[in-house]
Amino acid sequence: MLALTGQSHSQASTAGVAGSQLSKSQLQTVFEDANLAYQQAEAIVSTDQAEALERFADASQKYQLLVDQGVQSSRLYLNLANAYLRSGEWGRAICNYYRVLKLDPRNSQATLNLRFAQDRLERRSDSDSSANANADVERSKLYVQPLGWSILLAGSTCRFWLQVLFAIASTTFWYFMV
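Bear in mind that the values here come from a model prediction, so they are computed numbers and not experimental data. (Residues numbered from 1 in each chain as written. Predicted model: local features only at pLDDT ≥ 70, side-chain atom pairs only at ≥ 80, totals over all residues. Heavy atoms only, no water.)

Attention now moves to the pattern of salt bridges. Counted by the stated rule, this structure contains 6 salt bridges. With a closest N to O distance of 3.2 Å, lysine 62 and aspartate 58 form a salt bridge. On the criterion of helical spacing, the pair formed by lysine 62 and aspartate 58 is a turn pair, its members being 4 residues apart in helix α3 (residues 49-68). Residue class for lysine 62 comes out buried when judged on its relative accessible area of 2%. With a closest N to O distance of 3.5 Å, aspartate 119 and arginine 123 form a salt bridge. On the criterion of helical spacing, the pair formed by aspartate 119 and arginine 123 is a turn pair, its members being 4 residues apart in helix α6 (residues 108-127). Note on arginine 123: relative accessible area 42%, which makes it partly exposed. Residues joined by salt bridges that share partners form a network here, namely Asp119, Arg120 and Arg123. (Salt bridge = Lys/Arg side-chain N within 4 Å of Asp/Glu carboxyl O. Helix = DSSP H or I, 4+ residues; strand = E, 2+ residues; numbered from the N terminus. Buried < 20%, exposed > 50% of the residue type's maximum accessible area, 1.4 Å probe, protein only.)

See the structure below:
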């Protein structure tokens, strides 16, 4: 069993835990550390993109540790997918958005982010350049919050997402009116 005594939260959460199960309090600590890493990355993404990418990757490793420990939750999968998305791991992000939608088919954030990730993955395969993929993320200003619902979109993609939201709202309105 992994003990937290004498170790920082980060050390405890990334220590070798193969074959051992973490206690509930340790799982909570790992979750909090992952959220903190994600929030720190969000805070510095505009000033130090390289450091932010490292922190997003750190958050995704911690969220993945929770999944590896058997924790299943649509919110955990959403956080994991968002961290993978922000660290440029498009395939893993897409996989986890599908996990979210399997558990929570009406999760609008997962649906929108899945479409975004699929679009960027297609663009990346067309250009075959990770530098362009990272630039796409920065230009789009897609900000996803761990355990949050909000998405802030700016730039040219804002019009597209507003059209998507309007289409969904219109469809929903007419569905209930009939």
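Now, onward.
Inside soluble globular proteins, nonpolar side chains tend to come together where they are buried. Ranked by internal contacts, the top residues of the largest apolar core, which has 34 residues, are Tyr63, Leu66, Leu85 and Tyr97. Elements with a contribution of two residues or more to this core: α2 (24-44), α3, α4 (74-86), α5 (90-103) and α6. With 8 residues, α4 is the single largest residue contributor to this core. (Core = buried A, V, L, I, M, F, W, Y, C linked by side-chain atoms within 4.5 Å.)

Right, let's get into α5. Structural remark: α-helix, 3.6 residues per turn; residues separated by three or four positions point the same way. Compared with the 20 Å implied by 1.5 Å per residue over 14 residues, the 20 Å span of α5 between its first and last C-alpha is a close match. Inspection of α5 places Trp90, Ala93, Ile94, Asn96, Tyr97, Val100 and Leu101 among the buried residues, and these make up the whole buried set. (Expected span 1.5 Å × (residues − 1).)

All told, the structure shown has 2 aromatic pairs when counted by the stated rule. With centroids separated by 5.1 Å and ring planes inclined at 70°, the aromatic side chains of tyrosine 38 and phenylalanine 56 adopt a geometry described as edge-to-face. With tyrosine 38 in helix α2 and phenylalanine 56 in helix α3, the pair connects residues that are 18 residues apart, well separated along the chain. When its relative accessible area of 1% is taken as the criterion, phenylalanine 56 is described as buried. (Phe/Tyr/Trp six-rings, centres within 6.5 Å; stacked < 30°, edge-to-face > 60°.)

What follows covers the packing of α2 against α4. Viewed as axis vectors pointing N to C, α2 and α4 meet at an angle of 35°, and their least axial separation amounts to 11 Å. With respect to the hand of their crossing, α2 and α4 are arranged in left-handed fashion. Residue-level inspection shows Phe31, Asn35, Tyr38 and Glu42 of α2 in contact with α4, the latter providing Asn79, Asn82, Ala83 and Arg86. Class assignment of the residues belonging to the contact of α2 with α4 gives a composition of 3 nonpolar, 3 polar and 2 charged. (Axes fitted to C-alpha atoms, helices over the stretch in contact; angles between N-to-C directions. Left-handed = near helix turned anticlockwise from the far one by under 90°. Contact = heavy atoms within 4.5 Å. Nonpolar A, V, L, I, M, F, W, Y, C, P; charged D, E, K, R; others polar.)

Axis separation between α3 and α4 bottoms out at 8 Å; the angle between their running directions is 150°. In terms of orientation, α3 and α4 fall into the roughly antiparallel class. Every pair of crossing elements has a handedness; the one defined by α3 and α4 is left-handed. Residues Leu53, Phe56, Ala59, Ser60, Tyr63, Gln64, Leu66 and Val67 of α3 form the contact with α4, whose own contacting residues are Leu76, Tyr77, Asn79, Leu80, Ala83, Tyr84 and Arg86. Of the residues belonging to the contact of α3 with α4, the class tally is 11 nonpolar, 3 polar and 1 charged. (Parallel < 35°, antiparallel > 145°, perpendicular 65-115°, else oblique.)

Functional significance is not addressed by these values, which are geometric in nature.
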